[in-house]
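Given next are the chains, with one letter for each unit.
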Amino acid sequence: MRIHILAIGQKMPAWVNTACDDYAKRLPPELRLSTRELPLIKRGKNADIARIKRDECQQLLDAVPKNCRLIALDVAGKKLSTEKLAAHLGDWMQQGRDIAIAIGGPDGFTPDFLQQAEMKISLSDMTFPHPLVRVMLTEQLYRAWSILNNHPYHRG
């Protein structure tokens, strides 16, 4: 199974890629993780935010590989414990269908995009910077896998 992290925003600090790559390398070959960065549309003083959100969401939809389950990271999404994320990951792995997890731009997703997502997940009620979200998501996916495999990494 493959998990595709699709994220609006490029040119992340080096520590983001270092951390994400570290967790991705720890995963077994049957659970591969990849990240694809998509351009953030520039916002000017009088930017048309509705159009920008629509265009960024279209970029994300265009990047979703065929037959992938689309999951949106959204502030209004379902809050999951790490154990519940592990249960979902176990189900997804059994189904054998690839997953695309979308991280939107600073203004979020359009209602149409959210409607197309099969699941909406929130990492927290707090707001985090996009670079940190990528690292947290990657770490949580690794932690969820470690729970499923009784690996000592998770001691929660």
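Structure's up top.
As the structure is a computational prediction, the values presented were derived from the model and not from experiment.

Definitions and cut-offs
Residues numbered from 1 in each chain as written. Predicted model: local features only at pLDDT ≥ 70, side-chain atom pairs only at ≥ 80, totals over all residues. Heavy atoms only, no water. Salt bridge = Lys/Arg side-chain N within 4 Å of Asp/Glu carboxyl O. Helix = DSSP H or I, 4+ residues; strand = E, 2+ residues; numbered from the N terminus. Buried < 20%, exposed > 50% of the residue type's maximum accessible area, 1.4 Å probe, protein only. Expected span 1.5 Å × (residues − 1). Arc of directions from axis to C-beta. Contact = heavy atoms within 4.5 Å. Polar contact = N/O pair within 3.5 Å; in protein donor to acceptor, adjacent residues only side chain to side chain. Pairing = 2+ DSSP bridges. Axes fitted to C-alpha atoms, helices over the stretch in contact; angles between N-to-C directions.

A. Focus on the pattern of salt bridges. Tallying each qualifying case throughout the model produces 9 salt bridges. For Glu-139, the salt bridge goes to Arg-143, with nearest N and O atoms at 2.9 Å. Here Glu-139 and its partner Arg-143 are both found in helix H5 (residues 130–148), 4 residues apart, which amounts to about one turn of the helix. Accessibility expressed as a relative area gives 11% for Glu-139, which makes it buried. Overlapping salt bridges, with partners in common, bring together Arg-43, Glu-56 and Asp-107 in one network.

B. Fine view of unusual backbone geometry. Not every positive phi belongs to a glycine, and Lys-11 is a case in point at roughly 60°. The topology assignment puts Lys-11 in the loop between strand S1 (2–8) and helix H1 (14–26).

C. Representation of H1 within the structure. Here H1 is 13 residues long and its end C-alpha atoms lie 19 Å apart, about the 18 Å a rise of 1.5 Å per residue gives. Residues of H1 that are buried include every one of Val-16, Ala-19, Cys-20 and Tyr-23, and no others. Projection of H1 onto a plane perpendicular to its axis shows the buried side chains occupying an angular sector of 95°, all on one side. Residues Ala-14, Thr-18 and Lys-25 are exposed on H1 and point more than 90 degrees away from its buried face.

D. Seen up close, the environment of Tyr-153. When you line up the elements, Tyr-153 lands in the segment after H5. The partly exposed category is assigned to Tyr-153, whose relative accessible area is 21%. Expressed as a C-alpha distance, the spacing of Tyr-153 and Ala-7, which sit 146 residues apart in the sequence, is 26 Å. If we ignore the near neighbours within four places in the chain, the residues touching Tyr-153 are Tyr-23, Arg-26, Glu-139, Tyr-142, Arg-143 and Ser-146.

E. Inspection of the environment of Gly-44 at higher detail. With respect to the element layout, Gly-44 can be found in the loop between strand S2 (32–38) and helix H2 (49–63). The sequence separation of Gly-44 and Ile-99 amounts to 55 residues, and the corresponding C-alpha distance is 33 Å.

F. Up close: the environment of Asp-107. Its location among the elements puts Asp-107 in the loop between strand S4 (99–103) and helix H4 (111–116). C-alpha of Asp-107 to C-alpha of Asp-48: the two residues are 59 residues apart in sequence and 11 Å apart in space. The residues contacting Asp-107, other than those within four sequence positions of it, are Arg-43, Ile-49 and Lys-53. At 2.6 Å, the side chain of Asp-107 and the side chain of Arg-43 are in polar contact.

G. Spotlight on the sheet that holds S4. Read from one edge of the open sheet, 5 strands run S2-S1-S4-S3-S5, paired in parallel fashion. Two strands in the sheet have a free side with no partner beyond their single neighbour: S2 and strand S5 (119–122). For this sheet, the mean inter-axis angle between neighbouring strands, taken without regard to orientation, is 30°. Running at roughly 170° to strand S3 (residues 69–79), helix H3 (residues 82–95) makes contact with S1, S3, S4 and S5 of the sheet.

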